[in-house]
Protein chains: 2
Amino acid sequence: MHFEAYMDQRRACVEAALDKYLPRPDQPPAKLHEAMRYSVLAPGKRLRPILVLASAEAVGGDIESVLPAACAIECIHAFSLIHDDLPCMDNDDLRRGRPTNHVVFGEAMALLAGDALLALAFELLSMHSESVSPQRVIQATRMVARASGTWGMVGGQVADMQSEGTEVDADTLRFIHARKTGALLTASACLGAMLSNASESQLLCLQEYGHHIGLAFQITDDILDVVGDVSKIGKPVGSDLRQDKATYPKLYGLDQSIAMAKEEVENAVAAIESLGVLAEPLRSIARFIVEREQ
Amino acid sequence: MHFEAYMDQRRACVEAALDKYLPRPDQPPAKLHEAMRYSVLAPGKRLRPILVLASAEAVGGDIESVLPAACAIECIHAFSLIHDDLPCMDNDDLRRGRPTNHVVFGEAMALLAGDALLALAFELLSMHSESVSPQRVIQATRMVARASGTWGMVGGQVADMQSEGTEVDADTLRFIHARKTGALLTASACLGAMLSNASESQLLCLQEYGHHIGLAFQITDDILDVVGDVSKIGKPVGSDLRQDKATYPKLYGLDQSIAMAKEEVENAVAAIESLGVLAEPLRSIARFIVEREQ
């Protein structure tokens, strides 16, 4: 299948499942459910949930049966964006050209919508107990919890916040990005396979793949902030530099950053060589990560 | 054992476990871990985690083996307090006489400390896979996730927020409290037993017990806001009334509210009659809930 058609099909599949699993606005509290849906169902690449499906595929698993897990990851991603945009954090009014959650629903509701999405993610993960070995469901819960909290996304966010206005060295930059964006991407790349009874050695390959695409993703994000098209990335170009954030172009320059992103993609592709033809979508996703324009 | 000594012993046991399971400030990001510990380790009754232990005891379970779950519940409780106190929510500067998390660590860090505590709770729940049936761990994860999100605490908080300044009827008041405080108390009352291989009928008794102590707890909270001793409850007496919040005394008057709280305790005690002598601590806890002064 052509990659673009593959992504479109998978995106439609994820979005139908999200619509099904998100609480409905005809159940109380309606406003909370509207706020949750507003951010999760906003247009997006659905990169993380598609990774979950591709990770299941790569070990011969069934994508239907890991849809709740894919949706759980997208809920966690949306939770992090809602909280990041709040006035006490980045204070962003726009995300991908739409008003941010707190602009539409107010700060208190946005805060609570984020909280409810994080809780919902773990409810969704617990739905896998029928088709999947329960030990694997618990292992997956643990991995996703660690990728979300201080050992992952939240810890990276704090380190990023603390680095603003300071000189950041390469180690700190790696620490920040491995957690802030890398942890959830790595978890996504492992999650589908973990719930499809992958072997330990398959999971190790996918973990390494996830590590490399996480770096490739972040370097590309940093590059797009410098050279991207504002109409595509949906936020002012150069906003990281203005906020004096730690970025790859700041530390390595633009050309070397571009070379580093490409190298990480090569590493990611190499890491899953042993998974053979079933892992082809994962390889295409890795290339897509550095070729995207948003 | 005398009830006060029982509570002191259990509290010490919970606090030692919390200290062990919370991320340490000598690991990065240190400030985040300090903020998490500041709120979780603040002096408290530890009612919810002690309920988890007593729930295990009530069905002949081992309290040591449910300590991670007890700590998970206390992390979720602390997460909810930190977020409730934020400027965009209740904007409280003091909790139990100490500066609130955002006053000490700043708003952004408080937000993230709450987020990290919610994630940590699910990591802790996933630690039960060795001694406990994995199916039960998943069932427990699902119950706690639902008690935390829109079907529980967060949903109740939203309904409470939306009721401010409006005339609240008895049904709405029940909806708010069943979710805002009731859901996590009910989950606590079931959790220990669920992880100790309780039978379905035992779990149903505990669920009913939890429902009644949840109501007793909230009615008592509302009463203490009217008649309590400010030095003991740690917030200004009458603050709910001033904020025009939905409360039992507002809807039923003080005398009837006191009678209702006592009746809920009787109902709670009756619900677990079949559990016999092992459930004695749960009965004492139910009585303590309406007799407490803070």
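Procedures and definitions
Residues numbered from 1 in each chain as written. Chains lettered and ligands numbered in written order. Predicted model: local features only at pLDDT ≥ 70, side-chain atom pairs only at ≥ 80, totals over all residues. Heavy atoms only, no water. Helix = DSSP H or I, 4+ residues; strand = E, 2+ residues; numbered from the N terminus. Buried < 20%, exposed > 50% of the residue type's maximum accessible area, 1.4 Å probe, protein only. Contact = heavy atoms within 4.5 Å. Areas by Shrake-Rupley, 256 points an atom, 1.4 Å probe, with all protein chains shown as cover. Salt bridge = Lys/Arg side-chain N within 4 Å of Asp/Glu carboxyl O. Least-squares fit on C-alpha atoms with pLDDT ≥ 70 in both. Buried area = accessible area lost by both parts, 1.4 Å probe. Polar contact = N/O pair within 3.5 Å; in protein donor to acceptor, adjacent residues only side chain to side chain. Nonpolar A, V, L, I, M, F, W, Y, C, P; charged D, E, K, R; others polar. Expected span 1.5 Å × (residues − 1). Bend = angle between axes of the 7 residues up to and from the residue. Core = buried A, V, L, I, M, F, W, Y, C linked by side-chain atoms within 4.5 Å. pLDDT = per-residue confidence, 0-100. Axes fitted to C-alpha atoms, helices over the stretch in contact; angles between N-to-C directions. Left-handed = near helix turned anticlockwise from the far one by under 90°. Phe/Tyr/Trp six-rings, centres within 6.5 Å; stacked < 30°, edge-to-face > 60°. Lys NZ or Arg CZ within 6 Å of the ring centre and 35° of its normal. Disulfide = S-S within 2.5 Å. Lys, Arg positive; Asp, Glu negative; His and termini not counted. Parallel < 35°, antiparallel > 145°, perpendicular 65-115°, else oblique.

(A) Examining the overall build of chain A more closely. Summing up its helical and strand segments, chain A has 15 helices and two strands in all. The proportion of buried residues among the 294 residues of chain A is 60%. Taking the contacts inside chain A whose residues are at least 6 apart along the sequence as the reference set, 73% of them involve residues at least 24 apart. As displayed, chain A has an accessible area near 11100 Å², and 51% of this comes from carbon and sulfur atoms.

(B) Region of the structure containing the pattern of salt bridges. All names here are of chain B. Considering all chains together, one arrives at 24 salt bridges over all chains under this definition. Residue K180 pairs with D160 through a salt bridge whose shortest N-O separation is 2.6 Å. Of the two residues, K180 is situated in helix α9 (residues 170-194) and D160 in helix α8 (residues 153-163); the sequence distance between them amounts to 20 residues.

(C) Layout of unusual backbone geometry. Here the bond from P28 of chain A into P29 of chain A is cis, since omega is -5°, no more than 30 degrees from zero. The residue N91 of chain A is not glycine, and still its phi comes out positive at about 50°.

(D) The relation of the copies chain A and chain B, seen in detail. In the superposition of chain A on chain B (RMSD 0.0 Å, axial shift 0.0 Å), the rotation amounts to 180°. With respect to symmetry, the two chain copies, as superposed, fit the operation of a two-fold axis. Minimal C-alpha separation from the rotation axis in chain A is found for P134 of chain A, amounting to 2.8 Å. Interface overlap between copies is the fraction of interface residues in one copy that are interface residues in the other; for chain A against chain B it reaches 100%, indicating a shared surface.

(E) Focus on the interface of chain A and chain B. Between chain A and chain B, the contact holds 46 residues from the first and 46 residues from the second. Together chain A and chain B conceal approximately 4000 Å² of surface at their shared face, both sides included; 75% is due to carbon and sulfur atoms. Three residues, L112, E123 and I138 of chain A, lead the burial of chain A against chain B; their summed loss comes to 14% of the area buried on that side. In this structure, the connection of chain A to chain B is made through two salt bridges. Notably, a salt bridge pairs E123 of chain A with R146 of chain B, separated by 2.7 Å at the nearest N-O pair. At the junction of chain A and chain B, the tally comes to eight residue pairs in polar contact (both at pLDDT 80 or more). For the side of chain A that touches chain B, the secondary structure elements donating two or more residues are α2 (30-40), α4 (67-85), α6 (107-125), α7 (134-148), α8 (153-163) and α9 (170-194) of chain A. The residue inventory of the side of chain A that touches chain B, partitioned by class, reads 26 nonpolar, 13 polar and seven charged.

(F) Just the environment of F79 of chain B, in detail. Inspection of the secondary structure assignment puts F79 of chain B in helix α4 (residues 67-85). The spacing of F79 of chain B and E167 of chain B is 88 residues in sequence and 29 Å in space, taken between C-alpha atoms. Among all residues touching F79 of chain B, those that are not within four sequence positions of it are D115 of chain A together with G114, D115, L117, L118 and M153 of chain B.

(G) Seen up close, α9 of chain A. Taking 1.5 Å per residue, 25 residues should reach 36 Å; α9 of chain A reaches only 32 Å between its end C-alpha atoms and comes up short. Considering bend angle alone, the principal kink of α9 of chain A is centred on G182 of chain A and spans about 55°.

(H) Representation of the nonpolar core. Ranked by internal contacts, the top residues of the largest apolar core, which has 184 residues, are L117, L191 and Y209 of chain A together with L117, L191 and Y209 of chain B. With residues up to four places along the chain from it excluded, the contact list for Y209 of chain A reads L51, A189, A268, A271, I272, L282, I285 and A286 of chain A.

(I) Molecular detail of the environment of G253 of chain A. All names here are of chain A. Among the structural elements, G253 can be located in the loop between α13 (248-252) and α14 (254-271). Here G253 falls in the partly exposed class, since its relative accessible area comes to 26%. The spatial distance from the C-alpha of G253 to the C-alpha of I223 is 9.5 Å, given a sequence separation of 30 residues.

(J) Geometry of the confidence of the model for chain A. Averaged over every residue, the pLDDT of chain A is 93; residues scoring 70 or more account for 93%. Both confidence scores are given for the complex: pTM 0.95, ipTM 0.94.

(K) Representation of the packing of helix α3 (residues 47-58) of chain A against α9 of chain A. Residues and elements named next belong to chain A. At their nearest, the axes of α3 and α9 sit 5 Å apart, and the two run at 35° to each other. You can see that α3 and α9 cross each other, and the crossing is right-handed. Counting all contacts with α3, which are made through L47, R48, L51, V52, S55 and A56, the residues of α9 involved are L184, L185, S188, A189, C190, L191, G192 and A193.

(L) Main features of the packing of aromatic side chains. Per the counting criterion, the structure on display carries nine aromatic pairs over all chains. Each ring, one from F122 of chain A and one from F122 of chain B, has its centre 4.2 Å from the other, and the planes form 5°; the classification is stacked. Taken together, the positions of F122 of chain A in helix α6 and F122 of chain B in helix α6 (residues 107-125) put the pair across two chains. Here F122 of chain A and F122 of chain B have matching classes, each one buried. Both rings, one in Y38 of chain B and one in F105 of chain B, keep their centres 5.5 Å apart while their planes meet at 75°; by these two values the pair is edge-to-face. Taken together, the residues Y38 of chain B in helix α2 (residues 30-40) and F105 of chain B in helix α5 (residues 101-105) connect sequence positions 67 residues apart. Comparing Y38 of chain B with F105 of chain B shows no difference in burial state: the two are buried. Each member of the aromatic cluster is reached from another via a ring pair, and the members are F3, Y6 and F288 of chain A. The side chain of R48 of chain A reaches across the aromatic face of F217 of chain A, ending 5.3 Å from its centre.

(M) The side chain of R283 of chain A, seen in detail. Residues and elements named next belong to chain A. Among the structural elements, R283 can be located in helix α15 (residues 280-291). Only 2.9 Å separates the side chain of R283 from the backbone oxygen of G276, close enough to count as a polar contact. Discounting chain neighbours no more than four positions away, the residues touching R283 are V269, I272, E273, L275 and G276.

(N) Focus on the state of the cysteines. A full pass over the atoms with the stated rule returns zero disulfides over all chains. There is no disulfide at C88 of chain B, and the cysteine sulfur nearest it, in C88 of chain A, is 7.1 Å away.

(O) Spotlight on the side chain of D84 of chain B. Within the secondary structure, D84 of chain B is located in helix α4. Look at D84 of chain B: it is buried, it has no salt bridge, and the nearest opposite charge is K180 of chain B at 5.2 Å.

(P) Local environment of the packing of helix α1 (residues 3-21) of chain B against helix α3 (residues 47-58) of chain B. Residues and elements named next belong to chain B. Look at α1 against α3: their axes get within 10 Å of each other, and the N-to-C directions meet at 110°. With respect to each other, α1 and α3 are oriented roughly perpendicular. Only P49, I50, L53, A54 and E57 of α3 make contact with α1, whose side of the interface consists of Y6, M7, R10, R11, C13 and V14. Looking at side-chain class alone, the contact of α1 with α3 contains eight nonpolar, no polar and three charged residues.

(Q) The arrangement of the environment of A113 of chain B in detail. Residues and elements named next belong to chain B. Counting through the fold element by element, A113 comes out in helix α6. Taking relative accessible area as the criterion, A113 reaches 0% and is therefore assigned buried. Measuring from C-alpha to C-alpha, the distance between A113 and Q256 comes to 40 Å, with 143 residues separating the pair along the chain. If we ignore the near neighbours within four places in the chain, the residues touching A113 are L32, A35, M36 and I82.

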